[in-house]
Amino acid sequence: MKIFFTFLLMACMSLSSFAGGEKSTTQSIQGIVTDKQGNPLVGAKVTIDNSDISVYTDFDGHFMIDKVSKTEHTLSLSHISFENSTTKIDSQASSEILYIELSSK
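Thresholds applied
Along each chain, numbering runs from 1 in the same order as the chain's sequence is written. Residue-level local features of this predicted model are given only where pLDDT is at least 70; pairs of side-chain atoms are given and counted only at 80 or more, and the full residue set underlies all totals for whole chains, interfaces and linings. Water and hydrogen atoms were dropped before computing side-chain values, which therefore reflect all heavy atoms in the structure. Numbering goes from the N terminus for both helices and strands, where a helix is a DSSP run of H or I of at least four residues and a strand is a run of E of at least two. Residue burial considers only the protein chains on display, and all accessible areas are found by Shrake-Rupley using a 1.4 Å probe. Pairing between strands is defined by DSSP: at least two bridges between them are needed. Only the stretch in contact is used when fitting a helix axis, every axis being a line fitted to C-alpha atoms; angles between N-to-C directions are given from 0 to 180 degrees. Should a side-chain nitrogen of Lys or Arg be within 4 Å of a carboxyl oxygen of Asp or Glu, the pair is scored as a salt bridge. In this scheme, a residue with accessible area under 20% of its type's maximum is buried, one over 50% is exposed, and one in between is partly exposed, where area comes from a 1.4 Å probe on protein chains only. We define a nonpolar core as any set of buried Ala, Val, Leu, Ile, Met, Phe, Trp, Tyr and Cys residues linked to one another through side-chain atoms lying within 4.5 Å. Only heavy atoms matter for contacts: two residues are in contact if any of them lie within 4.5 Å across the pair. The term polar contact refers here to a pair of N or O atoms within 3.5 Å; inside protein, the definition further demands a hydrogen-donor-capable atom paired with an acceptor-capable atom, and it admits residues adjacent in sequence only when both atoms are side-chain atoms.

A. View of the overall build of the protein chain. Across its full length, the protein chain holds one helix and seven strands. When the helices and strands of the protein chain are listed from N to C terminus, the series reads α-β-β-β-β-β-β-β. When the accessible surface of the protein chain is split by element, carbon and sulfur atoms take 57% of a total near 7,500 Å².

Pasting the structure below:
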């Protein structure tokens, strides 16, 4: 019986190492878009360049883009009566929240 439980424990440990060994190839990009005074910008468009992925900020200026490849990206931001802006995202910054400030036209 002791041999059976030892075998079972080793089998479970080897299975868990296979499950945890795979690294994710995608990330989430999230941030907050504000004006120069720190007020959130509702409805700012955030686009990943060279893709068809776009989202809009919510009432608090927050945005999130899920399942983006872990490579360097350039975000383009636009909002009515504000200057368009671009910012580069490093693939290692997936867990960071971006704070992006737009300037008035």
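B. Fine view of the sheet that holds strand β7 (residues 97–101). Here we have three strands laid out as an open sheet, ordered β4-β1-β7, and mixed in their pairing. Of all the strands in the sheet, just β4 (62–69) and β7 have a single pairing partner and so form its edges. Neighbour-to-neighbour, the strand axes of this sheet turn through a mean angle of 30°, independent of strand direction.

C. Looking closely at the pattern of salt bridges. Counting across every chain of the model gives two salt bridges. The shortest N-O distance in the salt bridge between K36 and E101 comes to 3.2 Å. Within this pair, whereas K36 is found in the loop between β1 (26–34) and β2 (45–48), its partner E101 is found in strand β7, the two being separated by 65 residues in sequence. K88 is the salt-bridge partner of E72, the closest N and O atoms lying 4.0 Å from each other. Of the two residues, E72 sits in the loop between β4 and β5 (73–78) while K88 sits in strand β6 (residues 85–89), which places them 16 residues apart along the sequence. This pair shows no difference in class: E72 is exposed, exactly as K88 is.

D. Region of interest: the sheet that holds strand β3 (residues 54–56). Ordered by their spatial adjacency, four strands build an open sheet running β3-β2-β5-β6, and the pairing between neighbours is antiparallel. Each end of this open sheet is capped by a strand with a single partner; those strands are β3 and β6. Strand after strand, the sheet turns through a mean of 25° between neighbouring axes, direction not considered.

E. Here's a closer look at the nonpolar core. Counting residues in each nonpolar core, the largest one holds 17 residues, and the members touching the most others are I29, V33, F63 and L75. When residues of this core are traced back to their parent elements, those giving at least two are β1, β2, β4, β5 and β7. If you tally residues by element for this core, the top one is β4, at three residues. The residues contacting F63, other than those within four sequence positions of it, are I29, Q30, G31, I32, V33, V46, V55, T57, L75, L98 and I100.

F. Region of the structure containing the side chain of T47. Tracing the chain through its elements places T47 in strand β2. A distance of 2.9 Å separates the side chain of T47 from the side chain of S54, its partner in a polar contact. Not counting residues within four places of it along the chain, the set of residues in contact with T47 comprises I53, S54, T74, L75 and S76.

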